[in-house]
Amino acid sequence: MTRFAERVQVAVAASAVAVALAVGLNGGSGGTPVAAQDKDTPFAKKVPDPGCEYLGKGPSVKTAGDLSTGIAACELCHKPGGGGAKKFVDNYKSDEFVLLNESATWLEKDVHSQALETLKKPLGQQMQKLLGVSDGKPIPGYDVTKDVRCLTCHSADKSPLKRLEDKTFADFATNSGGVNCTVCHGMHEKWQSLHFKEPDQPGPIPWREMSPAYKWEMGMADLRNPVVKAMLCVSCHVGNPAEGKVVTHEMYAAGHPPLPPFELSSYMQAEPKHWGYPVESKSPAEPKLTYFHGLTDDKQMADKGADGRQQFWTPAARWKIFHFHPGKDESYLSRHLAVGVVAALRAEAQLIRADAERAAQPDADGMDFARFDCGACHHALENPSARQERGYGGFTPGRLTLRSATDVPAGIVAAHAAQIKAGGLAEKAQGFDGKWLAFRKAVAKKALGDPAGMRAAADDLITWCDGFLKVQSETADPLYTKEHADSLRKMIEQAVTDKAKVTDPDAAMTLAWAHQTLAREAGVVFPPAALKNLGEHIPLNVREEPYEATHAQFKRRMEKAAGFRVEPFLGAIRGLNGGK
């Protein structure tokens, strides 16, 4: 019996009981009853990564209200023609603060809405057939659509920090449309009710300018904070062992698509937009939120300060409430890129640490192959070999390595941050190279890594990430000024044309995506023919239009990854940059 099969048998038995006892979920904004064991438990204990104290203590069940995972009420205002939006547009200009197309965009174009349905598609059914086997015999009743290992990312998880082995089908809001609004914005009914409450006197809707801390306490995630946003995204797009969000090698072998390299700013650019950026944009295609453009230093805030004097939208106030600076002061996407790269590194380190802890147990069968670079094994056997030409960094040839798509961008971001003195970022950025080298040494010490050494190195790396991200979250000063943004863009442009850094398709994709994202923000227009040529070697972003089903995007990505060669890619990138 495989390790996966043993876990599946437990999940199937638990799911069978859960299905029989499950209560229907509320489809609107009313509350869904909290599980009995959660009623008096502070939600703070269930917020991912309690070590990241800068993310806030999180909402408590008492203050945030009951769970509410349905989206029917969202559509009343956040869908064109939904009926509820007109009053808010007419009276409060709400379309200058949010786009009010969110529900329609999510439903019609965003694959997050199909996250649960994909488990029912042919690929999901293939995985069910291959994973639902023990000792050569089918596991009775195994259903991939009820497997808690799949639902943690493919549905709304109502108990994110309950141990994976304790979760059941009833812990997931499978009637509420896959990864829906509440999964990212917060599945508590208090904020859902408060955010459209009209003011008692003339002025903006009160919720609009409430502090993020208050909104968090009411159950709404502060997704305007790039750190909170990145940590949420990487929990599925990289993984989070504390929440049970782990893609194993067995899942990959059964057909689960390899997770594409994560880089936040490029993912934001590739996603069908149900949001606009708060900074000004010259692009007519970019959704605009003009409310934020008016938050200048001489504009009054809605509320007066504790001393009764009128408050103004200073840079510190803009950052505290909305976490942005005008485009003239800071590159919006540069900060998101830096934060996302380090959050992805932290998530990888967490996964490796958790697996190393498991692998250190006497009866364990070693590290899961999924924690290593897929291309270490899954690549063409060639002679001469680009990998042999590159070398192995002084480590034993043939040992499994870590993903270059994680460490290469992180190394660039860390080296660049050493230039930024604001907020003490330069100090926090020190030491990355040494910590990453210690991590690599622990991995290369044995054929599948040294579990004890990997745990210690991962802890050290996670501590470094936390220090870096804390500055990014709390510092109100602009960090990525035009000078620093230009410098970061040039460092990435140099890296993406460096043969030593783009030796595999994942590294090539993440660097090329970041390069294009920051260049476009800076107003660079790429020649269409050069873009088309680059698209022959890698996808031009993690998702490309037209926004068809996930499997079509996956098929194209894998075909290009299988045929990836360094020299043709470098030629295409240099063509994009005018031959440089």
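A quick note: this is a predicted structure, and the numbers were derived from the prediction, not measured.

Scoring rules and cut-offs
- Residues numbered from 1 in each chain as written.
- Predicted model: local features only at pLDDT ≥ 70, side-chain atom pairs only at ≥ 80, totals over all residues.
- Heavy atoms only, no water.
- Helix = DSSP H or I, 4+ residues; strand = E, 2+ residues; numbered from the N terminus.
- Buried < 20%, exposed > 50% of the residue type's maximum accessible area, 1.4 Å probe, protein only.
- Contact = heavy atoms within 4.5 Å.
- Areas by Shrake-Rupley, 256 points an atom, 1.4 Å probe, with all protein chains shown as cover.
- Arc of directions from axis to C-beta.
- Lys, Arg positive; Asp, Glu negative; His and termini not counted.
- Salt bridge = Lys/Arg side-chain N within 4 Å of Asp/Glu carboxyl O.
- Expected span 1.5 Å × (residues − 1).
- Core = buried A, V, L, I, M, F, W, Y, C linked by side-chain atoms within 4.5 Å.
- pLDDT = per-residue confidence, 0-100.

**Thoughts on the overall build of the chain**
Right, so step 1: Along the backbone of the chain there are 25 helices and four strands.
Right, so step 2: Within the chain, buried positions represent 50% of all 580 residues.
Right, so step 3: Counted over contacts in the chain with a minimum sequence separation of 6, partners at least 24 positions apart contribute 72%.
Right, so step 4: Accessible surface, the chain as shown: approximately 26300 Å² in total, 56% of it carbon and sulfur.

**Some thoughts on helix H3 (residues 85–92)**
Right, so step 1: Three or more residues of H3 are buried, namely Ala85, Phe88 and Tyr92. Buried positions in H3, seen along its axis, are confined to an arc of 80° and lie on one side of it.
Right, so step 2: Residue Lys93 follows H3 closely and has a positive phi angle near 50°.

**Some details on the side chain of Asp450**
Right, so step 1: With respect to the element layout, Asp450 can be found in the loop between helix H19 (432–444) and helix H20 (451–474).
Right, so step 2: One buried charged side chain, Asp450, makes no salt bridge at all; its nearest oppositely charged neighbour is Lys445, positioned 4.0 Å away.
Right, so step 3: Each residue touching Asp450, except ones within four places of it in the same chain, is listed here: Ala442 and Lys445.

**Description of helix H21 (residues 482–496)**
Right, so step 1: The end-to-end C-alpha distance of H21, which contains 15 residues, comes to 21 Å, matching closely the 21 Å that a straight helix rising 1.5 Å per residue would cover.
Right, so step 2: If you check which residues of H21 are buried, you get His484, Ala485, Asp486, Ser487, Leu488, Arg489, Ile492, Ala495 and Val496.
Right, so step 3: Tucked into the core, H21 has its buried residues touching helix H15 (332–359), helix H17 (404–417), helix H22 (505–521) and helix H25 (566–576).

**A few points about the nonpolar core**
Right, so step 1: Grouped together as the largest cluster of nonpolar side chains are 95 residues, with contacts concentrated most on Phe322, Phe439, Phe468 and Phe569.
Right, so step 2: With 16 residues, the single largest contributor to this core is H15.
Right, so step 3: In this structure, Phe468 is in contact with Ala338, Val342, Val413, Ala417, Leu425, Lys428, Ala429 and Tyr480, ignoring residues within four places of it in sequence.
Right, so step 4: With 18 residues, the next largest nonpolar core counts Ile139, Val144, Leu151 and Tyr252 among its residues.

**What to know about the confidence of the model for the chain**
Right, so step 1: Mean pLDDT over the chain: 84, with 88% of residues reaching 70 or higher.
Right, so step 2: Every residue in residues 3–57 is under pLDDT 50, and counting partners more than four places away or in other chains gives 119 contacts.

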